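# Structure assessment
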4 protein chains.
Amino acid sequence: MRNIGILTSGGDSPGMNAAIRAVVRKAIYHDVRVWGINYGFSGLLNNDIYPLEIGDVGDIIHRGGTMLYTARCEEFKTKDGQEKAIRHLQEAGMDALVVVGGDGSFRGAQTLDNLGFPTIGVPATIDNDVPGTDFTVGFDTALNTVIEAIDKIRDTATSHERTYVIEVMGRHAGDLALWSGLADGAETILIPEQPYDMEDTVRRLVRGHKRGKKHSIIIVAEGAASGVNFGKEIQERTGYETRVTVLGHIQRGGSPSAFDRVLASRLAAHATELLIKGKSGRMVGMLANEIDDQPLDYALEKPHHIDENMYRLSQELSI
Amino acid sequence: MRNIGILTSGGDSPGMNAAIRAVVRKAIYHDVRVWGINYGFSGLLNNDIYPLEIGDVGDIIHRGGTMLYTARCEEFKTKDGQEKAIRHLQEAGMDALVVVGGDGSFRGAQTLDNLGFPTIGVPATIDNDVPGTDFTVGFDTALNTVIEAIDKIRDTATSHERTYVIEVMGRHAGDLALWSGLADGAETILIPEQPYDMEDTVRRLVRGHKRGKKHSIIIVAEGAASGVNFGKEIQERTGYETRVTVLGHIQRGGSPSAFDRVLASRLAAHATELLIKGKSGRMVGMLANEIDDQPLDYALEKPHHIDENMYRLSQELSI
Amino acid sequence: MRNIGILTSGGDSPGMNAAIRAVVRKAIYHDVRVWGINYGFSGLLNNDIYPLEIGDVGDIIHRGGTMLYTARCEEFKTKDGQEKAIRHLQEAGMDALVVVGGDGSFRGAQTLDNLGFPTIGVPATIDNDVPGTDFTVGFDTALNTVIEAIDKIRDTATSHERTYVIEVMGRHAGDLALWSGLADGAETILIPEQPYDMEDTVRRLVRGHKRGKKHSIIIVAEGAASGVNFGKEIQERTGYETRVTVLGHIQRGGSPSAFDRVLASRLAAHATELLIKGKSGRMVGMLANEIDDQPLDYALEKPHHIDENMYRLSQELSI
Amino acid sequence: MRNIGILTSGGDSPGMNAAIRAVVRKAIYHDVRVWGINYGFSGLLNNDIYPLEIGDVGDIIHRGGTMLYTARCEEFKTKDGQEKAIRHLQEAGMDALVVVGGDGSFRGAQTLDNLGFPTIGVPATIDNDVPGTDFTVGFDTALNTVIEAIDKIRDTATSHERTYVIEVMGRHAGDLALWSGLADGAETILIPEQPYDMEDTVRRLVRGHKRGKKHSIIIVAEGAASGVNFGKEIQERTGYETRVTVLGHIQRGGSPSAFDRVLASRLAAHATELLIKGKSGRMVGMLANEIDDQPLDYALEKPHHIDENMYRLSQELSI
């Protein structure tokens, strides 16, 4: 094991740079070279590859986004594309690869590993929907971004006695909505994993209003409903002045939180160690504050579940 | 002068609480009582009035929103409403009134003053569109909220090499768009005060792209164009992947910046002092870091202008 | 089970208010009343007790500190004090107690429980040094406060090419130092659990300096060394301009992070549920993102360990 | 005018990078080249000079510190040093120089200009003590850093009912202390420009305490007293538990506020324009939200005054 490649893939998430830094430094510590591949699998197909020295990853641990860029890549989904990728990796002299990203990226990692190129996945996505780890890199930062936005909206909601509907990211996973809703005492939380009950939402709003609540906050995961449409319906049914905010892409950026920087560093260092020890086809994860690893299949086959206790709790606490 | 009333009106802005606190403390320092009126002119018509003691304004200087709430009020626009307002003020034993808000609120203040009830206006709006003061209370905080959001979007824009269109508040005034665009190095800034040139916008994007820029940021004031529509057109014309974020109501909230807390405190204290000295029909303002005051007419009649030098500068620096 | 008391004790930590809120709301959800006890065990001895309604905990989930205040209490360490405490609890009609705090507070909780008054502990301390839970309430927020401070110092350190020694809290536990050092890429981290090697520290600084590093950051837990003295020695030995910052009490405050709000809510709700189910003498904790509970003895007898893998990692990554 | 040099000097302040960016872009807009000089006057003497292209100042507007570094320079205070500096400027083909810094740096600028090398000063220091401008670049950011720290300390101060003494920067100027104290409702503010009255401070603390205040905050500018000693004396005299925090170097760093980014951009662009127009020996400043310029002598000879109205106001509002 003399040369390791690293790429970031899928939607960017805060902490990816900390992961890149940890791979580079951990590898150099063990006298292994690291090669950065720009733009994910797409860059691999375009041979956009360059050596990463220790100085290249200085002063990036606290930066959002990814210094290796990221992109979608249709070509890599084809057999030809995959073979070309491996050819490029081999031509560049790489012995193994670290893929930083979410479940889509893990599928790519698994493909390469199955084709014989040793690959390890580091879970990084703001969706927190990868099994085999308590948390994914970027989730904590995105969550803080969401609650800082809601804290601001809360001020104006109180001043105007309004109902606010806030749409957060999460096409298939409701973690960001559920955690932010719980963290901000939202009246109602809509997640893709649970059908929602408009009658119940209205009942809660009316009850809170009668008890003298100065504002109400409803969190909607984008995969559960359109915030704009939901807000309209709420206003029509309750008659309360209702405003909608779609948080959008601010949720992907920002300097990573301490938790995400540490998580990314620990996971990425472990991935590097595994490759150096000759292991591959695995994903790294944090379980009970310990770093561990599982087969990539595990993450890809086990369905992501929302924590039902937390969902119930969010309802009990928003009485 | 023994009793002063205070209300906040119009859209809330960060620093209104600091203004309320300063009126209460300055008045009590001069042995004058202060009465809080909830929900702006609406609360005045509903007699929602209560005494404010020094303890009531403890621990609020750093809070967003307004502890006196705010609301729109159609009734106050009528002659009957205005007379009722003055009756309520007099029945409550008040001698004078401080109105905290934007130009709409100043119109209400002027009406009361013209009808013989001594009133002073404190300019507080995130739009920064009140003449007679270099800055309005809340503008600085809103501006920082906007640039923090853009800084986050910049991370993900760079990682994905995308064009971002960000819609900020400002129906009639482009200050928030112009300042935030200048503060974040936006390629193009659309403001209500200036017609925009789609050809030129496209030309700038293409030029930056060719020079190797990893992302482009376009700021659109809501009064200049719809961010969503503008983004669509940009994508169609350039073919670059373009995303739109409408920042929405996060711009009104948040703990006020140091600048806004100090500005609010200085302005509100001066308003109180003027009333105690028997002056009224005036607005307070900060000019060249000194606190001063002007007739309310001044603020209402002088049109708000965008700083043309700054606008030109924003174009020169975004080459 | 009709009446539950709650108190916060020891050093305050961000998220205590979220815990109070969760106990009140969860209890009311189950038709149980909650009584707030001000100033920890001290308030219990002074009968500073009052009923907490649902409205009392509105708008506090995002506030730092503790609305129930906290204080030290020598009297409670005596047999007489403890009996008086139980008498006051019984006279107030309480059936059980939730104690929110660190290990010192847990000792108090255990004492009451041993004397027959059902008590549960919720771990809240910025030190993260309570066994039986992956994280304590407040640690995550304090950690973010520390890294935001270091990020700022990094700017000026780079501009001036200086060495910075930053002293963080942690008399007996190095978690805050270790995590923040790892999160910020510190050259050297001093923790109470590990003897430090001045020679090695100097060697690292010189090596980094020769490689062209623009700044060096050293994190010192207050329990490991005096930041001021350590900084002086570094400057003497290396000749590099060295500055010291003692972060101090900013580390205890601030709006709790999303993680701490959610953790506090989940833990406190579980504590309430346990009491309602008739269980006591336990501490609640989060293990592998699941909420669980252990005997109070567990937390008090098992020594806190630093994560040795993380410590080693911090050294490998700071080459 | 074909070539302009730029250097940053003295203590770094947030917004210096925005100033550098504006000089480069404004100059290139007018087809003028810009040369960066590293480490202030020291780098000038060491010929540490390199051309700055438009890409070099991409993505720096939001970064704290200065990409050109800064350093002290004894040699430049000598006649020989000054002549060498001018020789190096001329040898590098530069026609004029922009100096970004505080009053010490302006003295250097004036020296060069007097010796015949056209130089303009851009006021950048967190001390806000340069006459001829309402605000200096960096003051606003430092102020926000200070109040965010105080806001955090306030949480823990309230929870523990303590008195806090907070030492902020300001050896000769009290602006940072005065503004932050006013912004945070400090009981007492100690500034170098005003003798302090220990009796009065104690009286205020006791009065507030009797009225039921849960905490007291005292701001001390480093030039007025030692925070540590002052805190000790307060505790001795009042018997109240008193803690001291010395904010230190976090005050210099951090991403610049919107205000500082805009101010830096406007001032630096105007400096560039002046040089292009053949003017020199001047400092640029913002007065009443307009950009203007004065002779360098003006800034250097006019003494800095604290705003007495603001100081009085701070005392009236902290009753």
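Labelled according to an unreviewed UniProt entry, chain A appears under the name ATP-dependent 6-phosphofructokinase, originating from Salicibibacter cibarius. As recorded by UniProt, the Function (unreviewed entry) comment attached to chain A reads in full: "Catalyzes the phosphorylation of D-fructose 6-phosphate to fructose 1,6-bisphosphate by ATP, the first committing step of glycolysis."

## Considering the side chain of D184(D)
Inspection of the secondary structure assignment puts D184(D) in the loop between α6 (175-183) and β7 (188-190). Separated by 2.7 Å, the side chains of D184(D) and R154(D) make a polar contact. Non-local contacts of D184(D), meaning those with residues more than four positions away in its chain, are made with I61(B), R261(B), I147(D), I150(D), D151(D) and R154(D).

## Examining the relation of the copies chain A and chain C
Least-squares fitting of chain A to chain C yields an RMSD of 0.0 Å, with the transformation described by 0.0 Å of translation along the axis and a rotation of 180 degrees. Viewed as a symmetry operation, the transformation between the two copies matches a two-fold axis. Looking at the rotation axis and the C-alpha trace of chain A, the residue lying nearest is A288(A), at 1.8 Å. Comparing interface residues between copies, 100% of those in chain A also lie at the interface in chain C; the contact surface is shared.

## Things to note about the packing of helix α11 (residues 308-317) of chain B against helix α9 (residues 258-276) of chain D
Each pair of packed helices can be described by the angle between their axes along with the distance between the axes. Running from N to C, α11(B) and α9(D) cross one another at 85 degrees; their axes reach a closest spacing of 11 Å. Classed by the angle they form, the pair α11(B) and α9(D) counts as roughly perpendicular. Contacts from M310(B), L313(B) and L317(B) in α11(B) reach V262(D), S265(D), R266(D) and A269(D) in α9(D). Split by residue class, the contact of α11(B) with α9(D) holds 5 nonpolar, 1 polar and 1 charged.

## Concerning helix α4 (residues 103-114) of chain B
Residue and element names in this part refer to chain B. With 12 residues, α4 should cover 16 Å at 1.5 Å per step; its first-to-last C-alpha distance of 16 Å lies within 8% of that length. Looking at α4, one finds that the buried residues are S105, F106, G108, A109, Q110, L112 and D113. Packing partners of the buried residues in α4 comprise α2 (40-45), α3 (79-91), β4 (96-101), β5 (119-123), β10 (282-287) and α10 (296-301). Looking one or two residues past α4, G116 carries a phi angle of roughly 105 degrees, positive in sign.

## What about the pattern of salt bridges?
A complete count under the given rule lists 84 salt bridges over all chains for this structure. We note a salt bridge from E74(C) to K77(C), for which the minimum N-O separation is 3.3 Å. Taken individually, E74(C) and K77(C) each receive the classification exposed, so the pair is uniform in this respect. We note a salt bridge from K277(C) to E273(C), for which the minimum N-O separation is 3.9 Å. A single salt-bridge network, built from bridges that share partners, covers D59(A), R63(A), R261(A), D151(C), R154(C) and D184(C).

Each value, and the rule that gives it
Residues numbered from 1 in each chain as written. Chains lettered and ligands numbered in written order. Predicted model: local features only at pLDDT ≥ 70, side-chain atom pairs only at ≥ 80, totals over all residues. Heavy atoms only, no water. UniProt positions renumbered as here; feature names shortened; annotations may be inferred. Helix = DSSP H or I, 4+ residues; strand = E, 2+ residues; numbered from the N terminus. Polar contact = N/O pair within 3.5 Å; in protein donor to acceptor, adjacent residues only side chain to side chain. Contact = heavy atoms within 4.5 Å. Least-squares fit on C-alpha atoms with pLDDT ≥ 70 in both. Axes fitted to C-alpha atoms, helices over the stretch in contact; angles between N-to-C directions. Parallel < 35°, antiparallel > 145°, perpendicular 65-115°, else oblique. Nonpolar A, V, L, I, M, F, W, Y, C, P; charged D, E, K, R; others polar. Expected span 1.5 Å × (residues − 1). Buried < 20%, exposed > 50% of the residue type's maximum accessible area, 1.4 Å probe, protein only. Salt bridge = Lys/Arg side-chain N within 4 Å of Asp/Glu carboxyl O.

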